[in-house]
Amino acid sequence: MVEHRTAAPHISESHISESHVSEPLDAVIAFAPSNIALIKYWGKSDPDQNWPANDSLSMTLNRAATRTIARINRAANDSADHQLGFGETFTNNLRVRDMTKPKKFLEQLRVELKPWLRHDGALEIVTTNSFPSACGIASSASGYAALTVAAAGAWTGQTSIEGLAGIGISKDKLANWARQGSGSACRSMHGGFVRWVRGETAGQQVCEQIFDEHHWPLADLIVVLDSKQKQVSSTEGHSRAFSSPLMNIRLAGLEERLKCASAAIRNKDLEQLGQIIEAEALEMHAVMMTANPPTQYFSQGTVRFIAWLRQARATGSIAAWFTLDAGPNPHLICRPEDSLQIAEKIRGAFPDARIIMDSTGSGVSMPRWTGEDRGGVAHGH
Ligand code: DP6
């Protein structure tokens, strides 16, 4: 999403505090969950259009989410003078790093939205994550999904997903636009299990739900072993991937792996899905370790955790399998009914780790303004 760290020089966070957008008349709210990739998007055929080198498959999450409030900034002198700010997460650690990318994204989105514009002008945006940054949850996925829906709503005067669809802005369109901000954001438009198909050309890519959130609810325990900001961004990682001698071998086997993963989800076979996602995550990380320059997202904690998990599985005490995004913190996929007990075991073995409990969720929504709403992200919706 909009990235975090230090305040951008000309934006005062207090100036665009959430109370600033508490006026219900013309503000719209978008809620977008994050998603965890089971088959990874790693490497781009065209970086300018976020055209992935391969199809990917993800599970949409429920609690890890971004809530974004947008309205027309009537005080702005320049129609491109958007103001973007962060609300506070429960860890209070988000700071605005660089607004150039989201502002450029909004300008492109405004061009796409031309046929539907009811209001025009700069936007005022406050965005809040339900999870801390750099914890192993892709904030760019939920962030750009929420930003796309909120901005589309504010500029077209629509306050619901149905309203947007009614004027011809389908979820497919929203996914396509969100993807241009961050690739993985397109998968957050839908709930359940989602496949992002690369197509034959950059313009042909589509994002489709293959099973909805009721088909097979799973738990995702995000084990935060290390909450330091990652050194190499995903975007940079994507471009390094092709320098690994393993990349072409990886790409050659992915279609088959994706087919097997889809079958495991269809059959609700956790062990089969688990074995696939672990092989997939390790392969992506092997590509990174053998890239030029070599890139390591693993920490020592990650290695210890994987060894512990394998041991626990071998003794039959845990039925859970991990995946890893571009960072050191594993996501453990398990049955919801086992999740509390598994979390206890993790706490026993890794007392310093923080565990974020999540599960299969539905895609984007546009919650109604409740009056008490000041932009904080509810857990679940
Ligand atoms: C490892 O979507 O963050 O999480 O398109 O450059 O913004 P950009 O990359 P991003 O990459 C996500 C990489 C991943 C795997 C995945 O989510 O599929």
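Residues numbered from 1 in each chain as written. Predicted model: local features only at pLDDT ≥ 70, side-chain atom pairs only at ≥ 80, totals over all residues. Heavy atoms only, no water.

**Q** An account of the sheet that holds strand β12 (residues 354–359) is needed here, citing residue identities and associated values.
**A** With respect to topology, four strands assemble into an open sheet ordered β10-β11-β9-β12, the strand pairing being antiparallel. Either end of the sheet is taken by a strand with one partner, and the two such strands are β10 (320–323) and β12. The sheet shows a mean angle of 25° between the axes of neighbouring strands, taken without regard to direction. Direction of pairing for β10 relative to strand β11 (residues 331–334): antiparallel, over a ladder of four bridges. Paired with threonine 323 across the strands is histidine 331, a residue of β11. (Pairing = 2+ DSSP bridges. Helix = DSSP H or I, 4+ residues; strand = E, 2+ residues; numbered from the N terminus. Axes fitted to C-alpha atoms, helices over the stretch in contact; angles between N-to-C directions.)

**Q** So, the confidence of the model for the protein: which residues are in play, and what are the values?
**A** With 86% of its residues at a pLDDT of 70 or more, the protein has an overall mean of 88. In this model residues 90–95 is a low-confidence stretch, pLDDT under 50, and it forms 19 contacts with partners more than four residues away in sequence or in other chains. Considering only residues more than four positions removed or in separate chains, one finds that residues 373–381, a stretch of pLDDT under 50, has 32 contacts. (pLDDT = per-residue confidence, 0-100. Contact = heavy atoms within 4.5 Å.)

**Q** Now, about empty space enclosed by the protein: what can you tell me, with residues and values included?
**A** Throughout the structure, instances matching the rule amount to two cavities of 30 Å³ or more. As for the second largest cavity, its lining consists of Phe105, Gln108, Leu109, Glu112, Trp177 and Gln180. Of all the secondary structure elements, the ones that give two or more residues to the lining of the second largest cavity are α1 (100–112) and α4 (171–181). The dominant element in the lining of the second largest cavity, judged by the number of residues it contributes, is α1, at four residues. Residues that form the lining of the second largest cavity fall into these classes: three nonpolar, two polar and one charged. (1 Å grid on protein atoms, 1.4 Å probe; cavity = no way out; pocket = protein on both sides within 12 Å on 5 of 7 lines; lining within 4 Å. Points joined across faces, edges and corners; volume = space filled by probe spheres on them. Nonpolar A, V, L, I, M, F, W, Y, C, P; charged D, E, K, R; others polar.)

**Q** So what's going on with the nonpolar core? Which residues, and what values?
**A** Membership of the largest hydrophobic core comes to 39 residues, with the highest contact counts inside it found for Leu106, Leu123, Val149, Trp155, Leu174 and Met189. Counting only elements with at least two residues in this core, the list comes to β1 (28–39), β4 (56–72), α1, β6 (123–129), α2 (139–156), α3 (161–166), α4 and β7 (193–197). Among all residues touching leucine 174, those that are not within four sequence positions of it are Thr148, Val149, Ala152, Leu164, Ile169 and Met189. Trp216, Val224, Leu270 and Ile276 belong to the second largest nonpolar core, which has 27 residues in total. (Core = buried A, V, L, I, M, F, W, Y, C linked by side-chain atoms within 4.5 Å. Buried < 20%, exposed > 50% of the residue type's maximum accessible area, 1.4 Å probe, protein only.)

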